[in-house]
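Residues per chain, in single letters:
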Amino acid sequence: IWPWGGGYRPDMKTLPMLFPQIQRGSVISAVDLIRGIGHYAGLQNIIVEGATGLANTNYEGKAAAAIEALRHDDFVFLHVEASDEAGHDGDLDLKLRTITNRDQRIVRPILEAVDTWEEPVCVALLPDHPTPVEVRTHVSEPVPFAIWHKNMEADSTQHFDEVSCVGGSY
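First things first, this report covers the structure right here in the doc.

What counts as what
- Residues numbered from 1 in each chain as written.
- Predicted model: local features only at pLDDT ≥ 70, side-chain atom pairs only at ≥ 80, totals over all residues.
- Heavy atoms only, no water.
- Helix = DSSP H or I, 4+ residues; strand = E, 2+ residues; numbered from the N terminus.
- Rg over C-alpha atoms; globule rule 2.2 N^0.38 Å.
- Buried < 20%, exposed > 50% of the residue type's maximum accessible area, 1.4 Å probe, protein only.
- Areas by Shrake-Rupley, 256 points an atom, 1.4 Å probe, with all protein chains shown as cover.
- Phe/Tyr/Trp six-rings, centres within 6.5 Å; stacked < 30°, edge-to-face > 60°.
- Salt bridge = Lys/Arg side-chain N within 4 Å of Asp/Glu carboxyl O.
- Contact = heavy atoms within 4.5 Å.
- Expected span 1.5 Å × (residues − 1).
- Pairing = 2+ DSSP bridges.
- Axes fitted to C-alpha atoms, helices over the stretch in contact; angles between N-to-C directions.

1. Details of the overall build of the chain
Inference 1: Secondary structure assignment for the chain yields six helices and five strands.
Inference 2: The order of α-helices and β-strands along the chain, N terminus first, is α-β-α-β-α-β-α-α-β-β-α.
Inference 3: Compactness check: the chain gives a C-alpha radius of gyration of 17 Å against a globular reference of 15 Å for 170 residues, within 12% of the reference.
Inference 4: Overall size of the chain, expressed as C-alpha extent along the three principal axes, is 55 × 40 × 30 Å.
Inference 5: Counting across all 170 residues of the chain, residues that qualify as buried make up 32%.
Inference 6: Accessible area for the chain stands at about 11,500 Å²; split by element, carbon and sulfur atoms hold 55% of it.

Here is the structure:
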């Protein structure tokens, strides 16, 4: 037996305690750590069949689960681990493919769905850290992020990458 990560049960406030406007929320992830954080944050875990945390994850299933959760939840955290794992593997082609899959098979369907809703939805796309294929580990550098709301005026940034996002309004 090799216990890993032994510790204590954290004493933390849930998202609804910290932000009263969030009455109900969900987390969608194949990674146990993220599911656990979501649980402690007071979020419901949504299990998606075929979600693996790798490049072969069920992108469409995660997008569909997020869209459904957004119909009744105030907050949905959808986690995709695939490009981080490709970075750890040092596989540039796989990392680029996972980013394209995320954009086309998760982000696009979610944005297309919520853009038609009367209820306003805000979407934030952000990594937790960079994992460059050159070093195959996490590094402490700024990350690109995007925030979308159909009534929000866009800045002049046209591409979502580390270099282009530096010139964004944030």
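2. Some words on the packing of aromatic side chains
Inference 1: Enumeration according to the criterion identifies one aromatic pair in this entry.
Inference 2: Pairing Phe145 with Tyr170 gives two aromatic rings, centres 5.6 Å apart and planes at 50°, and the pair type is tilted. One end of the pair, Phe145, is in the loop between β4 (122-125) and β5 (146-149); the other, Tyr170, is in the segment after α6 (162-165), and 25 residues separate them in sequence.
Inference 3: Classification of Phe145 as partly exposed rests on a relative accessible area of 36%.

3. Topic: the pattern of salt bridges
Inference 1: Using the criterion set out here, one finds five salt bridges in the structure.
Inference 2: A salt bridge links Glu60 to Arg105, with the nearest nitrogen and oxygen atoms 2.6 Å apart. You can see Glu60 sitting in helix α3 (residues 59-70) and its partner Arg105 sitting in helix α5 (residues 92-114), a full 45 residues away along the chain.

4. A few points about the environment of Glu81
Inference 1: The residue Glu81 is located in the loop between β3 (75-78) and α4 (82-89) in this model.
Inference 2: Glu81 sits in the buried class, given a relative accessible area of 14%.
Inference 3: Here Glu81 is in contact with Val31 and Gly53, once residues within four sequence places are set aside.

5. Digging into α3
Each α-helix winds once per 3.6 residues, and so residues spaced three or four apart point in a common direction.
Inference 1: Relative to the 16 Å expected for twelve residues at 1.5 Å per residue, α3 spans 17 Å between its end C-alpha atoms, a close match to the ideal helical length.
Inference 2: Taken across its twelve residues, α3 has nine buried, putting it largely inside the fold.

6. Thoughts on the sheet that holds strand β1 (residues 25-28)
Inference 1: Read from one edge to the other, the open sheet built from three strands follows the order β2-β1-β3, with strand pairing classed as parallel. Each end of this open sheet is capped by a strand with a single partner; those strands are β2 (44-46) and β3. The sheet shows a mean angle of 20° between the axes of neighbouring strands, direction not considered.
Inference 2: Both β1 and β3 contribute to a ladder of four bridges, which runs parallel. Counted as the bridge partner of Val27 is Phe77 from β3.
Inference 3: Against the sheet, α3 makes contact with β1, β2 and β3, and its axis sits at roughly 170° relative to β3, the strand it touches most.

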